[in-house]
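Architecture and fold: a report
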Amino acid sequence: MPISHTDQLFNLVKSLSKAEKRNFRIYSSRIQNSHSMKYIQLFDILEKQDELDERIILKRFPKSQLPNLKRHLYSQILISLRLIHKGKHAFIEIRELLDFADILYGKGLYLQSLKILEKAKVLADKANDDLMYLQILEFEKLIESRHITRSGSLKSRELFEKSTDKLEASTHVIRLSNLKIFLHGLYIQNGHVKSKKDEDEITLVFEENISKIPVDKLKTLERVYLYQSFVWYYYILIDFSQCYRYALNWVNLLKKEKDLGIRDPNLLMRGYHYLLTSAYNMRDVIQYNKYLEELETYRKNNYKKFNTNTQIVSFLYVHNGRLNSYFLSGEFENGLLILPSTLRRINKYGDKLDAHRIMVLYFKIAWMNLGAGKPSNTVKYLNKILTMEVGFLREDIQGYSRLMMILAHYELGNFDIIPYLIANAEHYFKKVTSINEMQKKTLFFFKKVSEMPLNERVKKFEAFEKELLYLYHNKYESKAFLYLDILSWIRSKISGKTLAAITKETIVKK
């Protein structure tokens, strides 16, 4: 086991549940020797620490022994986890059966090995794992071709036909997963399409790849992958109605095939996430609330069965859904009431959340505070984003954070600082790959308005609203308003109403 870093071992130990710790101690008690006693002692020291303190460890063990001791403890913890989790995860159980079959084959017990492989095929079939099924078949073919098993010619034909079928299914899965990851990478690199030329280029690539997939022959999991590909494709094209359509197909299919949804709850919740994202971007309040309630109910009913990773995924999707529901309704003050719960989860899972996820949550929390008339809190959470050492990760969020910072200080009446904030934003945008028209016009607007007397600013706001409306109705520019609803903020300044009131009026009009 190539793990010798204490912090990685410490994180693994601290991630264990009470049941997993108990299982590890029971497992370790079966191995009674001096070395096992030492790694149990190391486990006890790490388990009792709230924060890692290597000095305590070095007082107990010679420095020369520690690397091997840490590797051994790490390995033994993983082995004990494998034992306790194999009944919960089909893949672990299938891999174990393959290992058993390999051991039996090595001992010359061919028929027993084949019997184990039959069990493995049943599990792989239930799990819709065609790639693993194909691997089992290859092992089975190896035994049948090298040894006299008395299976007969019918067995050979069955293996041939089954392998051909699984190879075809696996090819579909690989093609679709390749398409998904390609689209995902394209979005991370370039975001949404910015022109008709961009749209035509991605459509050409997508149609070329999707045309190779025999849609009418796809099985359940393959069909989910197909829907995922369409979701990403239409999301990049800013076609949220079609994105919604395929996300709904994705969710409905997993709800229908309950076993698959139970085995892979992350896949189901991810489908709900894109369903909610599409409904939110279309400002469809009724459908949004319907599917958020479904996701909340699913999470509540199944939370105790979730592992840590799934609990984190459920937190991200459900809390993101809750925040967006308040943005849709304009109930910003009520939205403040759920923020402590979200912040507790961020602190709880902080070491397991990537910076991108944290930035998105802080950005939403900042906007919630601005909408609720708490601009000082908005500044607080925007500063958390802008001081994160993330390079150019999610440069879109970093850019919009700088614009929201200007709005917050304008609300606070800190007009003297606005020129500095504009200069800071301009400096940032010069370094990033792209800046959209809304961002350019916003910076230019604040440059001008900050120089004007307060009683002359309303006309400037009204003129800026017209400029923003033109951009808002431009398909390739409209995406900017999904990140930062500056149009509603401008209208609140013109009318003298709160941002919450303007948001509610917008929903009523729709």
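This report concerns the structure included in the present document. Counting from 1, residues in each chain are numbered in the order their sequence is written. Totals for whole chains, interfaces and linings use every residue, but because this is a predicted model, local features are given only for residues with pLDDT of at least 70 and side-chain atom pairs only at 80 or more, for both listing and counting. Side-chain calculation: all heavy atoms of the structure are included, whereas hydrogens and water are not.

1. A closer look at the packing of aromatic side chains
When we look at a pair of aromatic rings, we describe it by the centre distance and by the angle of the planes. Rules: Here a Phe, Tyr or Trp ring, Trp counted by its six-membered ring, pairs with any other such ring whose centre lies within 6.5 Å, and the pair is stacked when the planes are under 30 degrees apart, edge-to-face when over 60, and tilted otherwise. Per the convention used, a helix needs a DSSP run of H or I reaching at least four residues, while a strand needs a run of E reaching at least two, with both numbered from the N terminus. Exposure is judged per residue with a 1.4 Å probe applied to protein chains only, and the accessible area is read against the type maximum: over 50% gives exposed, under 20% gives buried, and values in between give partly exposed. Note on criteria: charge over ring means Lys NZ or Arg CZ within 6 Å of the ring centre, with the direction from the centre no more than 35 degrees off the ring normal.
A complete count under the given rule lists 36 aromatic pairs for this structure. When the ring of phenylalanine 230 is compared with that of tyrosine 246, the centres are 4.4 Å apart and the planes differ by 10 degrees; the resulting orientation is stacked. Of this pair, phenylalanine 230 sits in helix α11 (residues 220-236) while tyrosine 246 sits in helix α12 (residues 240-256); the two residues are 16 residues apart in sequence, bridging distant segments of the chain. Comparing phenylalanine 230 with tyrosine 246, the two get one shared label, buried. Residue placement shows arginine 402 over the ring face of tyrosine 428; its charged tip is 4.0 Å from the ring centre.

2. Quick word on the nonpolar core
Put simply, the test is: Residues belong to a common nonpolar core when they are buried Ala, Val, Leu, Ile, Met, Phe, Trp, Tyr or Cys residues joined through side-chain atoms within 4.5 Å.
Grouped together as the largest cluster of nonpolar side chains are 118 residues, with contacts concentrated most on Trp367, Met438, Phe446 and Trp489. Of the residues forming this core, the biggest block, 12 residues, is contributed by α11. Leu9, Phe61, Leu66 and Ile77 belong to the second-largest nonpolar core, a separate cluster that totals 21 residues.

3. Side note on helix α7 (residues 110-126)
Formally: The span expected for a helix works out to 1.5 Å for each residue beyond the first. Summarising the geometry, the arc corresponds to the directions from the helix axis toward the C-beta atoms.
Between its first and last C-alpha atoms α7 spans 25 Å; for 17 residues at 1.5 Å apiece the expected length is 24 Å, and the two agree. Turning to α7, its buried residues are Ser113, Leu114, Ile116, Leu117, Ala120, Lys121 and Ala124. When α7 is viewed along its axis, its buried side chains cluster within an angular range of 160 degrees and face the same direction. For α7, the exposed residues set more than 90 degrees away from the buried face come down to Leu111, Lys115 and Lys126.

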